[in-house]
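Read off the chains here:
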Amino acid sequence: MKTNKICVIGAGAAGMMAAIRAAECGAEPVILERNERPGRKLLITGKGRCNLTNNCSVPELVASVPVNGRFLYGAFSRFCAQDMMDFLENAGLPLKTERGNRVFPCSDRAMDVVDTLDRLCRELGCRRLQERAQHLLTAGGTVRGVQTESGRELTFERVILCTGGLSYPTTGSTGDGFRMAAEAGHTVTPPQPSLVPFEAEEDWCRDLMGLSLRNVGLKIVDRQTGRALYEDFGEMLFTHFGISGPMVLSASSHIRRMEPGRYSAQIDLKPALSEEQLDARLLREFGGAANRELHNVLPALLPHKMVPVFLRISGIPPETKINQITREIRRRIISLLKCFPVSLKRFRPVEEAIITSGGVCVKEIDPKTMESRLIKGLYFAGEIIDADAYTGGFNLQIAWSTGRLAGESAAADC
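Fair warning: this is a prediction, and the values are worked out from it, not measured in the lab.

Novice: What is the right way to read the overall build of the protein chain from this model?
Specialist: The number of helices and strands found in the protein chain is twelve helices and 19 strands. Counting only C-alpha atoms, the protein chain reaches 90 × 40 × 35 Å along its principal axes. Long-range pairs, those at least 24 residues apart, make up 73% of the contacts in the protein chain between residues at least 6 apart in sequence. On the protein chain, roughly 17,400 Å² of surface is accessible, and the fraction owed to carbon and sulfur atoms is 48%. Within the protein chain, the 48 negative side-chain charges are centred at a point lying 2 Å from the centre of the 52 positive side-chain charges.

The structure is reproduced here in structure tokens:
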């Protein structure tokens with residue numbers, strides 16, 4: 001017999017998955033969603049295409065979650081990327097896998113993902129109320145229900161918090177869940193932006209605005225310790241404020257305590273060449289251009305837009321004749337080609353972040369059920385948990401896996 005004992009707060013990725021699974025297990029969940037339509041944030045993921053998961057193994061999923069990845073091993077094992085792909089395709093949504101194992105709907109429409117999940121919720125009897133949850137109602141260490149913004153007190157035996165983080169607040173992710181969890185006694189790691197561009201100290205970044213670099217290396221170095229926090233190879237972008245692009249967004253998830261001047265981005269503009277090979281390349285380029293000026297020869301090695309900035313940083317006069325270039329000047333050029341530095345000032349605002357890092361402490365959540373260790377009947381799923389991953393569909397898989405586990409566990413306990 002179906003019962004009305006479970007409340008899911010938030011109709012995003014984790015919330016809809018939690019409600020669907022709870023309904024599949026015999027419950028009749030009520031979804032509280034402040035927006036008129038579900039899945040507002042899902043609609044803008046993957047630039048509107050919805051990169052809904054990453055087609056990889058469970059160990060690869062865990063390895064792609066630099067913050068508390070091991071906590072998610074059980075949830076990923078119960079419902080992995082392939083399971084999610086099968087789930088949507090069985091529901092009538094064809095999928096495709098692209099570069100980097102990123103998975104998208106064949107239609108390239110995020111709306112189709114949202115519509116599929118919403119349809120499943122309705123078919124399974126999930127009821128959605130357009131209400132904003134304001135407080136959890138608890139007594140004696142047990143959840144008793146939810147108080148809404150309008151003052152209504154709704155009684156439930158199980159509550160699943162799926163309110164997301166702080167990124168893209170216009171979609172409804174305004175940190176309500178963090179506040180409610182803290183009111184219930186949970187430790188909440190202060191949220192900060194993740195998968196977000198960096199602002200740079202250098203003002204010359206605006207001179208390179210719009211310049212995309214492909215097939216370059218990127219290293220993020222902690223100047224206090226000298227330790228490299230992140231290294232990768234791929235694509236990045238200069239903006240009017242600093243740097244962005246796929247590698248940069250992933251790099252941001254490795255910095256837990258951003259401080260102006262502490263971190264440096266070091267760009268290897270020629271990662272396929274050693275310093276010796278680069279020197280040989282320079283000698284070849286210079287060999288037939290003895291009377292030309294350096295700024296007219298460097299475009300053979302660099303994007304034209306980058307040459308003035310490169311020379312400004314190197315301290316080499318642009319009009320230097322090639323026949324005047326010494327071995328020492330060549331070393332300076334090679335050194336800058338292999339380590340082009342950008343001093344990081346701060347993250348861009350949380351409103352521009354793809355996800356929020358931080359959230360409810362995983363030590364206070366049972367990884368086998370997603371239930372609170374402090375409040376019986378309270379569950380967590382999705383971005384509200386202090387676990388975040390690289391870009392590429394991994395964060396949505398966290399939402400699917402934890403949402404499904406929370407919904408199943410809540411229904412089993414009713």
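Novice: Honestly, the sheet that holds strand S10 (residues 158-161) in this entry has me stumped. Any pointers?
Specialist: Sheets are built from strands paired through backbone hydrogen bonds, the pairs being either parallel or antiparallel. Ordered by their spatial adjacency, five strands build an open sheet running S6-S2-S1-S10-S19, and the pairing between neighbours is parallel. The open sheet has two edge strands, strand S6 (127-129) and strand S19 (378-380), and neither has a second partner. The sheet shows a mean angle of 20° between the axes of neighbouring strands, direction not considered. The sheet contact formed by S10 and S19 spans three bridges and is parallel. When the sheet's bridge partners are listed, Val159 is paired in S19 with Leu378.

Novice: Could you clarify how one ought to interpret the environment of Glu276 in this entry?
Specialist: Structurally, Glu276 can be placed in helix H8 (residues 275-287). Put simply, Glu276 and Ile329 are 53 residues apart on the chain and 14 Å apart in space, counted from C-alpha to C-alpha.

Novice: What's the story with the pattern of salt bridges in this structure? I'm lost.
Specialist: As a working rule, side chains carrying opposite charge can pair if their charged atoms are close by. Applying the stated criterion across every chain yields a total of 31 salt bridges. We note a salt bridge from Glu183 to Arg179, for which the minimum N-O separation is 3.3 Å. Remark: Arg179 and Glu183 occur in helix H6 (residues 176-183); sequence separation between them is four residues, near one turn of the helix. Where Glu328 meets Arg331, a salt bridge forms, and the shortest distance between an N and an O atom there is 4.0 Å. Placement of the pair is Glu328 and Arg331 together in helix H11 (residues 327-338), with a separation of three residues, close to one helical turn. Via salt bridges that share partners, Arg21, Glu24, Arg78, Arg404 and Glu408 belong to a single interconnected network.

Novice: What's the story with the sheet that holds strand S16 (residues 263-268) in this structure? I'm lost.
Specialist: Strand order in the closed barrel formed by six strands is S12-S15-S14-S13-S16-S17, with antiparallel pairing between adjacent strands. On average, adjacent strands in this sheet sit at an angle of 45° to one another, irrespective of strand direction. Sheet topology note: the strand S13 (residues 212-222)/strand S14 (residues 227-238) ladder contains nine bridges and is antiparallel. Bridge pairing in S14 links Gly217 to Phe233. The sheet contacts of H11 involve S16 and strand S17 (340-347), and relative to S16 the element is tilted by about 110°.

About the thresholds
Residues numbered from 1 in each chain as written. Predicted model: local features only at pLDDT ≥ 70, side-chain atom pairs only at ≥ 80, totals over all residues. Heavy atoms only, no water. Helix = DSSP H or I, 4+ residues; strand = E, 2+ residues; numbered from the N terminus. Contact = heavy atoms within 4.5 Å. Areas by Shrake-Rupley, 256 points an atom, 1.4 Å probe, with all protein chains shown as cover. Lys, Arg positive; Asp, Glu negative; His and termini not counted. Charge placed at Lys NZ, Arg CZ, Asp CG, Glu CD. Pairing = 2+ DSSP bridges. Axes fitted to C-alpha atoms, helices over the stretch in contact; angles between N-to-C directions. Salt bridge = Lys/Arg side-chain N within 4 Å of Asp/Glu carboxyl O.

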